[in-house]
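Structural overview for review
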Amino acid sequence: MKTDRVIYSTFSGWVDAPTDVRPAADGDIACRVAVIGGGVGGMSTALRLAQRGQDVVLVEAEFCGYGASSRNAGQLAGAPGGDLQLLNLLSRKKMPGMMRLAEHAAAHVEDFIGKHGIDCDYEATGNAFAAVSRGQMGRVRRVAKIVTRAGGRVEVGTAAELGIPRGFVGGMREVVGGRLNPGRFSLGMRQVLLESTARVFEQTKVTEVVRDGGQVVLTTPGGRVRADHVVLAANAYAGEWGITPKHLSVPIYVIEVETEPIDPTRIAALGWTSGMGLVTQHTIMENYRLTPRGTIVFGVRRLERGIGYPLPDKVPDDALVEELAGAFARRFPSLADVAIERAWGGWIAITSSWLPLAGQLGDNVHYSIACNGHGLAQAPYVGTLIADAIVDGERHEDLQTLWHEKPKFLRPMMMGRAGLRMIWAYDRLLDLVNGSRRNARRGAVRLS
Ligand SMILES: Cc1cc2nc3c(=O)[nH]c(=O)nc-3n(C[C@H](O)[C@H](O)[C@H](O)COP(=O)(O)OP(=O)(O)OC[C@H]3O[C@@H](n4cnc5c(N)ncnc54)[C@H](O)[C@@H]3O)c2cc1C
């Protein structure tokens, strides 16, 4: 693949930043509920609160949609994220609840798009756990059993049966969910929020969150926001404040790249008839998806640990872009001459349990953080449920599924730089072994 003309962006490859960024908060402001962070999680919380007649203020450091929400791969998942075999081993009892939550979350986003007519190219294709080797296909079958036992709807098949590219062995289709343009989805949600009664302050970074009597006070460069309730919805950035529970999550930088437009006949020849987004079964996945502009967006493969706050506005490492290009050429050999045109990345939050979580600190600070790279569907849904819990004083069973009664968290394992490097090396070793086995089989066929 050609990588000599890549445009690196500190924002997203999906959309440009809005031109109508709202003014910063100025002076002292009082409200019933303050939401910090204008990703799809925080925006959904604020919007639901406004719809339910609450006096709500949303405070966002840059502009709503600035974070991971506009930068992701746009795969609206209908199954929980993370390593489902490991989750099943450690939290088997939680699996049916997590499965229900994941499917409800995808349906919630589909309803939201339909109700507000958000123009974000949504297609309900489902998504596939795609196997690049026989070993990965074994894992897919085991995961399919776990998901089915937990009540999820999936189909297992060969690449031809599922309509995924011939370079893959086969996979598991999550029936619920699909693919969308996350930049347009986030900015569409922002527009709906700006038209609501919520007071939205952009360009306003919250530098501290403290209790004061029965209330909570947020410090911003222009003044203070005083609220009865606060929702921390800054995801990977939440560790910036003293109030955030220790080890809540670690910030991880992941990247996506996009090819140049590809001739439709070459795309048709791949056999990707379902149009489903794909995630491989490596410990750290590769993801691939088609776009309506005739390109393929793909990414991740390596996790980069953020050290210290504030998290920097980064561009992807060109060595990782090269590595992704190499992986793409192996998965799509007929497109090995295509160029990568764009690269960007964003910060996600990873929890020690690899499960999304939400909870409360005292009776008036709520947090909804860390969907472990699966938040496109789950963050808006959980945000909405948190808003309802604040208004009604009781929690929906899906919110209860990921609720933490006590804000105590284990230090995430293998999430240091050395640990992440080891996981990456393990994936590459398996790739190497699977590659040699494949070559040996081809050799055997040729000899016979
Ligand atoms: C490259 C990439 C690919 C991904 N692919 C997928 C995918 O295909 N499917 C999927 O389901 N998920 C995916 N994800 C994960 C998904 O994007 C996130 O889980 C989801 O967007 C989280 O939403 P959020 O609202 O919690 O956080 P964010 O969108 O990160 O929002 C947090 C907001 O808080 C603001 N903020 C931070 N600090 C402060 C402060 N001090 N004061 C005020 N505001 C502050 C930020 O500016 C930001 O706008 C991907 C993520 C990335 C980065």
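Residues numbered from 1 in each chain as written. Predicted model: local features only at pLDDT ≥ 70, side-chain atom pairs only at ≥ 80, totals over all residues. Heavy atoms only, no water.

The name recorded for the protein in an unreviewed UniProt entry is Glycine/D-amino acid oxidase-like deaminating enzyme, from Pseudonocardia alni.

**Things to note about the environment of Gly-41**
The residue Gly-41 is located in helix H1 (residues 40-51) in this model. The exposure class of Gly-41 is buried, given its relative accessible area of 11%. Distance in space between the C-alpha atoms of Gly-41 and Ser-249 is 16 Å, their sequence separation being 208 residues. Those residues in contact with Gly-41 that lie beyond four places of it in its chain are Ala-379, Pro-380 and Gly-383. (Helix = DSSP H or I, 4+ residues; strand = E, 2+ residues; numbered from the N terminus. Buried < 20%, exposed > 50% of the residue type's maximum accessible area, 1.4 Å probe, protein only. Contact = heavy atoms within 4.5 Å.)

**Overview of the nonpolar core**
Judged by nonpolar contacts, the single largest core of 65 residues is most densely connected at Val-35, Val-56, Met-172, Phe-185, Leu-193 and Leu-399. A total of 10 residues in this core trace back to one element, the largest contributor, which is helix H10 (residues 375-392). Excluding residues within four positions of it along the chain, Val-35 makes contact with Gly-42, Thr-45, Ala-46, Leu-49, Val-56, Val-57, Leu-58, Val-59, Val-231 and Ala-233. By size, the runner-up hydrophobic cluster in this structure holds 63 residues, among which are Ile-36, Val-57, Ala-159 and Val-206. (Core = buried A, V, L, I, M, F, W, Y, C linked by side-chain atoms within 4.5 Å.)

**Describing the site of the ligand**
Neighbouring the ligand are 35 residues; Gly-41, Glu-60, Ser-69, Gln-75 and Val-206 lie closest to it. Interatomic distance of 3.0 Å between a backbone N/O atom of Val-206 and a nitrogen atom of the ligand. A distance of 3.0 Å is found between an oxygen atom of the ligand and a backbone nitrogen or oxygen belonging to Gly-375. About the coverage of the ligand: the protein hides 97% of its 1,000 Å² of free accessible area. Of all elements in the fold, only H1, helix H2 (68-71), strand S13 (250-259), strand S18 (340-350) and H10 reach the threshold of two or more residues within the shell around the ligand. Per-class residue counts for the shell around the ligand are 16 nonpolar, 15 polar and four charged. (Near = heavy atom within 4 Å. Polar contact = N/O pair within 3.5 Å; in protein donor to acceptor, adjacent residues only side chain to side chain. Areas by Shrake-Rupley, 256 points an atom, 1.4 Å probe, with all protein chains shown as cover. Nonpolar A, V, L, I, M, F, W, Y, C, P; charged D, E, K, R; others polar.)

**Some words on the pairing of strand S14 (residues 277-280)**
What you see with S14 is no split at all: Gly-277 and Val-279 on one side and Leu-278 and Thr-280 on the other are buried throughout. Taken together, the four bridges between strand S5 (residues 127-131) and S14 define a ladder with parallel strand orientation. When the bridges of S14 are listed, Asn-127 appears paired with Gly-277. The pairing of S14 with strand S15 (residues 286-290) spans two bridges and is classified as antiparallel. The residue bridging Val-279 from the neighbouring strand is Asn-287, located in S15. As consecutive antiparallel partners, S14 and S15 are separated by five residues. (Pairing = 2+ DSSP bridges.)

**Section: a nonpolar patch on the surface**
Together, Leu-86, Leu-89 and Leu-90 give the surface a local cluster of nonpolar side chains, amounting to about 340 Å² of exposed area. With respect to the helices and strands, the residue Leu-89 is situated in helix H3 (residues 84-90). The exposure class of Leu-89 is exposed, given its relative accessible area of 67%. (Patch = residues over 30% accessible without salt bridge, like charges linked within 9 Å, V, L, I, M, F, W, Y side chains within 5 Å. Salt bridge = Lys/Arg side-chain N within 4 Å of Asp/Glu carboxyl O.)

**A look at unusual backbone geometry**
Residue Pro-310 follows Tyr-309 across a cis peptide bond; omega there is -5°. Secondary-structure assignment places Pro-310 in the loop between strand S17 (304-305) and helix H9 (318-331). We note that Gln-203 has phi near 50°; this positive angle belongs to a residue other than glycine. Tracing the sequence through the fold places Gln-203 in the loop between strand S9 (199-201) and strand S10 (208-212). Phi is positive for Trp-354, which is not a glycine, with a value near 60°.

**Some remarks on the packing of aromatic side chains**
Here the structure, examined in full by the defined rule, presents 15 aromatic pairs. An angle of 80° between the planes, with centres 5.3 Å apart, marks the rings of Phe-11 and Phe-63 as edge-to-face. One end of the pair, Phe-11, is in the loop between strand S1 (7-8) and strand S2 (29-36); the other, Phe-63, is in the loop between strand S3 (56-59) and H2, with 52 residues separating them in the sequence. Like Phe-11, the residue Phe-63 is buried in the burial classification. (Phe/Tyr/Trp six-rings, centres within 6.5 Å; stacked < 30°, edge-to-face > 60°.)

**Section: the packing of H1 against H10**
Where H1 contacts H10, the two axes come as close as 7 Å, and the packing angle between them is 35°. Considering only the axes of H1 and H10, their crossing is right-handed. Residues Val-40, Gly-41, Ser-44, Thr-45, Arg-48 and Leu-49 of H1 pack against Gly-375, Ala-379, Pro-380, Gly-383, Thr-384, Ala-387, Asp-388, Ile-390 and Val-391 of H10. Each residue belonging to the contact of H1 with H10 can be placed in one class, and the counts come to seven nonpolar, six polar and two charged. (Axes fitted to C-alpha atoms, helices over the stretch in contact; angles between N-to-C directions. Left-handed = near helix turned anticlockwise from the far one by under 90°.)

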